[in-house]
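The residues making up each chain are set out below.
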Amino acid sequence: MYVVTLDQRRRETGDLVPGLLRRLADLETVVPFQRAREHAVQGITVDPAAAVSAALAGLRGGTWSVGIGVGPVRLETATDPEGRTGLRADGPGTVHARRAAEAAAPAGRVPVCVRADDEPAAAQAQSVLRLLGRIVALRTDAEWRVVDLLVPGARGQQKVVAAELGISPQAVSKAVARALWQEEWDARPAAARLLDLCDPARHGPAGGGTQGSTMNPSEIIHS
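Residues numbered from 1 in each chain as written. Predicted model: local features only at pLDDT ≥ 70, side-chain atom pairs only at ≥ 80, totals over all residues. Heavy atoms only, no water.

**Student:** Can you lay out the sheet that holds strand β7 (residues 112–115) for me, pointing to particular residues and giving the numbers?
**Tutor:** The five strands lie next to each other as β2-β3-β1-β4-β7, forming an open sheet whose pairing is mixed. Each of the sheet's edge strands pairs with one partner strand only, and the pair in question is β2 (31–37) and β7. When strand polarity is set aside, the average angle formed by the axes of neighbouring strands in this sheet is 15 degrees. Where strand β4 (residues 64–70) lies against β7, four bridges are found, and the strand directions are parallel. Each residue of the ladder has a partner; that of Gly67, found in β7, is Cys113. Where helix α4 (residues 119–138) meets the sheet, its contacts fall on β4 and β7, and the angle it forms with β7 comes to roughly 160 degrees. Taken strand by strand, helix α8 (residues 181–198) contacts β1 (2–8), β4 and β7, and its axis lies near 45 degrees from that of β4. (Pairing = 2+ DSSP bridges. Helix = DSSP H or I, 4+ residues; strand = E, 2+ residues; numbered from the N terminus. Axes fitted to C-alpha atoms, helices over the stretch in contact; angles between N-to-C directions. Contact = heavy atoms within 4.5 Å.)

**Student:** Explain the pairing of strand β3 (residues 40–45) to me, using residue names and the numbers behind them.
**Tutor:** The buried count for β3 comes to six of six residues, which makes it a mostly enclosed element. Direction of pairing for β1 relative to β3: antiparallel, over a ladder of six bridges. Each bridged residue has a counterpart across the sheet, and for Leu6 the counterpart in β3 is Val41. Both β2 and β3 contribute to a ladder of four bridges, which runs antiparallel. By the bridge assignment, Arg35 is partnered in β3 with Val41. Counted between consecutive antiparallel strands, the loop separating β2 from β3 contains two residues. (Buried < 20%, exposed > 50% of the residue type's maximum accessible area, 1.4 Å probe, protein only.)

Take a look at the structure:
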């Protein structure tokens, strides 16, 4: 599984969690993305492509740091001391998620980190995600207005986007080229494949494993 943690880096801009949650709402998850603490969001998915999408949604604009923990996660219903019922998760994936989030917080211009038992595989996935993150972090607002209206794989849509925005098809084409939108979507499957190779549940353990920890998705990240 993939435990994805997103921490807001720019606190002076106010609470950005609601907007991020809207962007993540349609992703396939086991535990939906939700507020984990005041300025943090976390979710769990079995789909590496969904983990990539979540990471790039957070890296957009350089507002969030992203940690991805890869590994087995056990989920069960539990009630906390205050009587709240929710899912409790433990296992190596949660430990790697915490370590990835801690490593991503002080990271440089592309703050995304991947942690897994298979450290070489995690490093490769992280490298590709940082390249993709660099693309989405550098896009201008004008470029996002164009690419947000595009659907990967659809043909003949640039004229439709141009009409909707009241600009020329040539302007749309130039914005798409500058934004490296096609290159991003061409590379997303590679990032997902590398994340998939980090998962011991799919490809067998690479090391001695990691001791489990416990978290409640209503308070997934512990200070």
